[in-house]
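What follows is the residue order along each chain.
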Amino acid sequence: MARMYRDEDVDMGVLAGRRIGIVGYGNQGQAQALNLRDSGFVPLVGNRDDAYASRAAADGFAVRPIAEVAEAADIILFLIPDEVQPQVYQEQIRPHLRPGDVLCFASGYNIYYRAIVPPEGVRTIMVAPRMIGRAVRNLYQQQLGFPCLVAGENDPDGGAMRIALALAKAIGATRFGAFESSFREETVIDLFAEQMLWPGIVKLCLLYFEKLVANGCDPEIVTTELHLSGEFVEIAKAMITHGFFGQLKLHSQTSQYGQLSRADRMAPPELLAQVDRAIDEVVSGRFHTEWVREQQAGKPKMRELWQQALEHPLAKSEAKLQALREIVARPCEDRSQ
Ligand code: NAI
């Protein structure tokens with residue numbers, strides 16, 4: 001089992017005397033900056049001049065240009081979107097890195113695919129919350145913590161990992177637990193979910209909708225059954241409390257038999273071949289190359305795919321049920337607070 005660290009395993013002394021800089025004040029940047037401040041640190045916040053900078057100022061931070069923070073900080077938490085990190089790194093961070101500095105990522109992506117290669121002598125670490133930014137903040141305030149993956153790149157003396165763990169504690173993660181991982185593992189787990197698990201679920205949901213409507217069922221009733229009732233969310237939550245399979249016992253016997261007896265049929269050899277293809281594209285970096293080219297071309301395929309998605313009859317059916325969505329969304333949001 002992967003090693004998991006909790007609050008009591010962490011030596012906070014490794015952060016003593018080090019200036020922490022946060023680059024980016026978005027989902028993660030805001031949450032981590034506020035958590036660090038409440039943990040007794042005074043992070044420098046670097047941001048370009050945009051609405052996020054105003055948000056940081058409203059939260060009481062003296063926002064500086066990114067390059068200035070890179071120059072002043074010993075530990076840089078790099079919290080802007082992965083797609084823009086390589087360029088910002090080259091232009092505004094790399095020139096200010098000195099031996100002994102620490103560069104911290106919240107995802108493994110750019111290090112695993114070598115889109116960013118920090119110089120010798122700079123410790124490269126990962127503190128990757130498995131949680132959206134808003135929850136990183138809320139769970140800290142509730143003193144509950146959240147899971148997190150930590151790693152240190154080329155770390156023979158373990159010094160990078162100790163700093164990663166101290167940061168994980170300072171942002172509130174080790175109250176729940178931080179797993180020792182790697183840039184590769186974080187990237188592969190994340191992208192494989194995005195490229196196999198979620199699209200598989202999305203496609204099955206669309207097939208469910210299309211087949212039922214083709215068989216005479218009302219689109220709005222099917223849409224409600226599919227996700228607007230909130231049952232989907234309840235089942236996912238029951239997986240946490242009762243177990244992935246254990247939650248099946250909350251369904252009728254007919255449902256249990258139907259699910260268990262038909263599950264294997266849903267994974268014919270053609271599908272298994274696509275699963276292999278998806279993991280291969282992620283591990284080999286072929287997806288990364290494709291995505292870089294798509295961005296360089298101005299994202300034409302992304303626009304086309306979005307258009308196709310929004311033209312699906314499910315999107316139209318959902319639009320008619322706006323009032324119902326609002327009723328269901330309210331308790332959902334309350335539950336996540
Ligand atoms: P975000 O999309 O919220 O980032 C917004 C920030 O990036 C703003 O401060 C904005 O000023 C800055 N920014 C955007 N484009 C810029 C550019 N061209 N130049 C300079 N600054 C720019 O980012 P998010 O979602 O917080 O992600 C940050 C990191 O955290 C990423 O590595 C991501 O993979 C990781 N992460 C994100 C999670 C989430 O909650 N969204 C969960 C776990 C990890």
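What counts and what doesn't
- Residues numbered from 1 in each chain as written.
- Predicted model: local features only at pLDDT ≥ 70, side-chain atom pairs only at ≥ 80, totals over all residues.
- Heavy atoms only, no water.
- Helix = DSSP H or I, 4+ residues; strand = E, 2+ residues; numbered from the N terminus.
- Buried < 20%, exposed > 50% of the residue type's maximum accessible area, 1.4 Å probe, protein only.
- Areas by Shrake-Rupley, 256 points an atom, 1.4 Å probe, with all protein chains shown as cover.
- Lys, Arg positive; Asp, Glu negative; His and termini not counted.
- Charge placed at Lys NZ, Arg CZ, Asp CG, Glu CD.
- Near = heavy atom within 4 Å.
- Polar contact = N/O pair within 3.5 Å; in protein donor to acceptor, adjacent residues only side chain to side chain.
- Nonpolar A, V, L, I, M, F, W, Y, C, P; charged D, E, K, R; others polar.

### Remarks on the overall build of the protein chain
Assigned secondary structure in the protein chain consists of 16 helices and 9 strands. Referenced to the eigenvectors of the C-alpha coordinate spread, the extents of the protein chain come out at roughly 65 × 45 × 40 Å. The burial tally for the protein chain puts 40% of its 337 residues in the buried class. When the accessible surface of the protein chain is totalled, it reaches about 19300 Å², and 56% of it is carbon and sulfur. The centroid of the 36 positive side-chain charges in the protein chain is displaced by 1 Å from the centroid of its 43 negative side-chain charges.

### Describing the site of the ligand
The environment of the ligand is formed by 23 residues, the closest being Tyr25, Asn27, Asn47, Asp50 and Asp82. Arg48 is positioned with one of its side-chain polar atoms (N or O) 3.3 Å from a nitrogen atom of the ligand. Contacts to the ligand include Asp50, whose side-chain N or O atom sits 2.6 Å from an oxygen atom. Expressed as a share of its isolated accessible area of 840 Å², the protein-covered part of the ligand is 80%. Elements represented by at least two residues in the shell around the ligand include exactly helix H1 (27-38) and helix H4 (85-93). In the shell around the ligand, the residues fall into 12 nonpolar, 8 polar and 3 charged.

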